[in-house]
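# Chain and residue survey
Chain by chain, the residues:
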Amino acid sequence: MDKPLQQFWNQQWQQMSAAWMHHVHDADLEAWLSSQPQRFLRVLEIGCGQGYNAAWLESQGHDVVAVDISDYIIQQCRASWPNIDFRHADILDPGVNLGKFDVVFERGVMVVLNRSQDRSALVAAAAQHLAPHGRYISVVDCTEQRRRDDPKLSHRSLADIADAVQPHLDIESIRSVQMPVPGHNIPAWFMVAAHKLI
């Protein structure tokens, strides 16, 4: 466990303005899941934050495990949704093994990892947890359509995403989406990746 990173995210969540609390699930994830032939999936959410995606997934009948490096936010999630398997874990720790999943999903995790080796480690962890026919889904703020009025926001380019993903998985699709945050939308990439074909 990266203790300084855990402390950083604990502090971020404790100081988070109510205006930035996000109380909706990811609509692009919902659309993707609705297009899949299998109705009920085993899903791992990395960086679950406030737990709204995990709660929506569970309400749709999926088997959900949701992890976050912040023990503070995991305690909040467990209090709100005691029936969901929320776990305190650092997914970048290679010793973490949560089993195999049909879908590994993260939104806003790759974008906050500033070192390329950490982004690669994130995808390696996702690949480790994917079932043979599973899919890794990442929603990433993008540089190509970045908001010019807020240069402090983290963003990732298509090249950043490809550099992180391609050593571990094959990118199946990637498209531009609008990721809603309180008060506005952020241009983002919705990326789906799968195990490499041998």
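Residues numbered from 1 in each chain as written. Predicted model: local features only at pLDDT ≥ 70, side-chain atom pairs only at ≥ 80, totals over all residues. Heavy atoms only, no water.

## Looking at helix α2 (residues 27-34)
Inspection of α2 places Asp-28, Leu-29, Trp-32 and Leu-33 among the buried residues, and these make up the whole buried set. Looking straight down α2, one finds its buried side chains confined to an arc of 135°; they lie on one side. Opposite the buried face of α2, at more than 90 degrees from it, the exposed residues are Ala-27 and Ser-34. Capping the start of α2, Asp-26 holds a side-chain oxygen 3.0 Å from the backbone nitrogen of Asp-28, two or three residues further along. (Buried < 20%, exposed > 50% of the residue type's maximum accessible area, 1.4 Å probe, protein only. Helix = DSSP H or I, 4+ residues; strand = E, 2+ residues; numbered from the N terminus. Arc of directions from axis to C-beta. Polar contact = N/O pair within 3.5 Å; in protein donor to acceptor, adjacent residues only side chain to side chain.)

## Section: the confidence of the model for the chain
The pLDDT averaged across the chain works out to 86; a share of 87% of its residues lies at or above 70. Low pLDDT, under 50, characterises residues 145-153; the predicted model gives this stretch 13 contacts beyond four residues in sequence or across chains. (pLDDT = per-residue confidence, 0-100. Contact = heavy atoms within 4.5 Å.)

## A word on the packing of helix α5 (residues 116-129) against helix α6 (residues 158-165)
Where α5 contacts α6, the two axes come as close as 8 Å, and the packing angle between them is 55°. Considering their axes alone, α5 and α6 lie oblique with respect to each other. Along this stretch, α5 crosses α6, giving a crossing that reads as right-handed. For the pair α5 and α6, contact is made by Arg-119, Ser-120 and Val-123 and by Asp-160, Ala-164 and Val-165, respectively. (Axes fitted to C-alpha atoms, helices over the stretch in contact; angles between N-to-C directions. Parallel < 35°, antiparallel > 145°, perpendicular 65-115°, else oblique. Left-handed = near helix turned anticlockwise from the far one by under 90°.)

## Some points on the pairing of strand β1 (residues 42-46)
A large share of β1 lies buried, amounting to four of its five residues. In the sheet, β1 pairs with strand β2 (residues 63-68) via five bridges, with the strands oriented parallel. Across the sheet, Glu-45 pairs through a bridge with Ala-66, a residue of β2. (Pairing = 2+ DSSP bridges.)

## Concerning the pairing of strand β4 (residues 101-107)
With respect to burial, β4 is a largely interior element, six of its seven residues being buried. In terms of strand pairing, β1 meets β4 through four bridges, oriented parallel. Along β4, the bridge assignment pairs Val-43 with Val-103. Inspection of the sheet shows β4 paired to strand β5 (residues 130-141) by six bridges, in the parallel sense. Residue pairing for β5: Glu-106 is matched across the bridge by Ser-138.

## With respect to the pattern of salt bridges
By the definition in use, this model includes eight salt bridges. With its nearest N and O atoms 3.0 Å apart, the salt bridge here joins Arg-107 to Asp-26. Residue Arg-107 is located in strand β4, and its partner Asp-26 is located in the loop between α1 (3-15) and α2; the two are separated by 81 residues in the primary sequence. (Salt bridge = Lys/Arg side-chain N within 4 Å of Asp/Glu carboxyl O.)

## Here we look at the environment of Val-103
Counting through the fold element by element, Val-103 comes out in strand β4. For Val-103, a relative accessible area of 2% corresponds to the buried category. Considering only alpha carbons, one finds Val-103 and Gly-134, 31 residues apart in sequence, at a separation of 5.5 Å. Among all residues touching Val-103, those that are not within four sequence positions of it are Trp-32, Leu-33, Leu-41, Arg-42, Val-43, Leu-44, Arg-135 and Ile-137.

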